Amino acid sequence: MTDFAATKAMFHLPEGTIYLDGNSLGPLPRAATERVGNMMQHEWGDMLITGWNKAGWMQKSRDLGDRIGRLIGAEPGHVIVGDTLSIKVYQALASALELNPGRKVVLSDNGNFPSDLYIAQGLLTSLGAEYELRVVDPEAVEENITDDIAVLMLTEVDYRTGRKHDMRALTAKAHEMGVLTVWDLAHSAGALPVDLAGCGADFGVGCTYKYLNGGPGAPAFIYVAPRYAEKARPALSGWLGHEAPFAFDLDYRPGRGVERMRVGTPPVLQMTSLEAAMDIWDMADMAEVRAKSMQLCDLFIAEVEAKCPQLELASPRDAAYRGSQVSFKFREGYAAMQALIARGVIGDFRAPDIMRFGFTPLYIDEADVRAATDIVADVMTNALWDNPEYKIRNAVT
Ligand SMILES: *Cc1c(COP(=O)(O)O)cnc(C)c1O
C-alpha cells in the first residue's frame, strides 16, 4: 500500500500554499536539498573529475532510466535519461522515420504540445519538401491512421484539457497500418500507469520535472522498444552515445541498445535531485496513485461545478478518459488564476482561456482539494479576479 501521508511529508510544501501545478513543475523533495548539497561538496568539490567513476555519475542516466521505466511499463535496460524533452522528441521521431523507409508522413494532433510539433516541423524541413506533418483533431486520430503514414507521434495526455488517448488501441491500429509510434509521456509519467511494453509502443519520451519532481531543468528520458534497440540510428549521434566514447575514434559507432540515445554530458546536479524524487516514487504503486488521483479530480470537479457556475469544464468528465489534471474555461481565466495564486492556490493558465489544475496524490489530499475549491468559489462568486493587477501578463503563465 502506498502511504500517501508519508510521501506528502517528504515534500517541502510552503505554508499557506495549495500546490495544484505539479503537472508543470513538481515541488521540492525535502531530501533533495541535502543530497544535492552533499553531492556538490563531497563529489564535485572533493572528488573533482574522479567523480565520474568514483561517484558513478556516468551510470546515473541508466539507473534513473530503469527507475522511471518501472513507472511507465518499460523493459529494464531500455530507458535512458539525459538532455531535454524537445531533444528526445527529435531523436525518437528521426529514428522512427528511418525505421519506416518509403513513407514520408508524420501524424499528430492539435492537442499536442507545440514544442513537439515545432520539432517535427524542423526535422521534416531538414529531411526534404516531400515530408509532411499531418495534424488532426485528437478525436480524429484513429480514423486518420492510414497506410501512407510513417510515424504516429502523440502526447498521451493533452496538456491543455487532460484528455487521454487510448495508447493500446492507437498503437494496435498504427501497427496494423505499418505505422511506428512515438508516445510523449510528459503528462503521463508519474500521473497514471503506463504500459509501454504491453501496448507495444515503439518509442517513448517524457520529462522528469513535471509529475516526477526532479526540479526545474531536470533531464528527459527516452525509451526504445527492445526490437529496435540495436537498429535505431540516433540522429543526434553525440560522443556519449558512441560505443566507446573514451576511444575518441574519429568515426561514430552507435552504443549498445538505448545507450546510443545519449548525446552529450548529462546534468549530474539535476540527476542528483531527481534521485531524491525517485526515492519517493520507489514507495509508490502507480495503480494506487491513479485511483487516488481520479478520486481527487472527481471531487474537485464536483465541488467547483456546485459552487462556480461561471466555470465550464474543459476536461473529459469521465476519469477514465482523463490524465491527472482538470481544466476549466473562463473568459478571464488569466486574471482568475492570478487571483487564486495571490490566495495560495497555485494552478496555471493556458491560452486562450484555460485554467489548469494538476492533482498529485503523493502530496495533495482531499482536505487540500476542499480548501482549494473554497478559495476558487470565493474568487469566482465575488469576482475577485476583476482587478487590474491580475491582468498584467507575466512571461511564464
Ligand atoms: C512540457 C512538455 C515539453 C517541454 O519540453 P522541454 O524540452 O522539456 O522544454 C515538451 N512536450 C510536451 C508534450 C510537454 O508537455
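Preceding this paragraph is the structure being described.
Residues numbered from 1 in each chain as written. Predicted model: local features only at pLDDT ≥ 70, side-chain atom pairs only at ≥ 80, totals over all residues. Heavy atoms only, no water.

This brings us to the site of the ligand. Within the structure, the ligand sits among Thr84, Leu85, Ser86, Phe113, Asp116, Thr155, Asp184, Ala186, His187, Tyr209 and Lys210. Within the side chain of lysine 210, an N or O atom sits 2.5 Å from an oxygen atom of the ligand. Taking 390 Å² as the accessible area of the ligand by itself, protein coverage stands at 86%. Grouping the amino acids of the shell around the ligand by side-chain chemistry returns 4 nonpolar, 4 polar and 3 charged. (Near = heavy atom within 4 Å. Polar contact = N/O pair within 3.5 Å; in protein donor to acceptor, adjacent residues only side chain to side chain. Areas by Shrake-Rupley, 256 points an atom, 1.4 Å probe, with all protein chains shown as cover. Nonpolar A, V, L, I, M, F, W, Y, C, P; charged D, E, K, R; others polar.)

Let us look at the packing of helix α12 (residues 333-342) against helix α13 (residues 366-381). When two helices pack together, their arrangement is given by the angle between the helix axes and the distance between those axes. At their nearest, the axes of α12 and α13 sit 10 Å apart, and the two run at 130° to each other. Here α12 lies oblique to α13, going by the angle between them. The interaxial crossing formed by α12 with α13 has right-handed handedness. On the side of α12, the interface is formed by Ala336, Ala339 and Leu340, while α13 contributes Ile375, Val376, Val379 and Met380. Of the residues that constitute the contact of α12 with α13, the class distribution is 7 nonpolar, no polar and no charged. (Axes fitted to C-alpha atoms, helices over the stretch in contact; angles between N-to-C directions. Helix = DSSP H or I, 4+ residues; strand = E, 2+ residues; numbered from the N terminus. Parallel < 35°, antiparallel > 145°, perpendicular 65-115°, else oblique. Left-handed = near helix turned anticlockwise from the far one by under 90°. Contact = heavy atoms within 4.5 Å.)

Next up on the list: unusual backbone geometry. The step from alanine 351 to proline 352 runs through a cis peptide bond, and the omega angle for that step is 5°. Turning to its location among the elements, proline 352 is positioned in the loop between β14 (348-350) and β15 (354-358). The backbone of phenylalanine 248 shows a phi angle near 50°, a positive value even though the residue is not glycine. Counting through the fold element by element, phenylalanine 248 comes out in the loop between α9 (226-229) and α10 (268-281).

What follows covers the nonpolar core. In terms of nonpolar packing, the biggest core is built from 116 residues, with Ile72 and Phe359 touching the most fellow members. It is helix α11 (residues 286-307) that provides the largest number of residues to this core, a total of 8 residues. Inspection of this core shows a minimum of three residues originating in each of domain 1 (4-28 + 285-391) and domain 2 (56-281). Beyond its immediate stretch of four places on either side in the chain, phenylalanine 359 contacts Leu20, Tyr211, Ser293, Leu296, Cys297, Phe300, Ser324, Val326, Ile364 and Val369. (Core = buried A, V, L, I, M, F, W, Y, C linked by side-chain atoms within 4.5 Å. Buried < 20%, exposed > 50% of the residue type's maximum accessible area, 1.4 Å probe, protein only. Domains from an automatic or database assignment.)

Read these as spatial facts, not as claims about activity.
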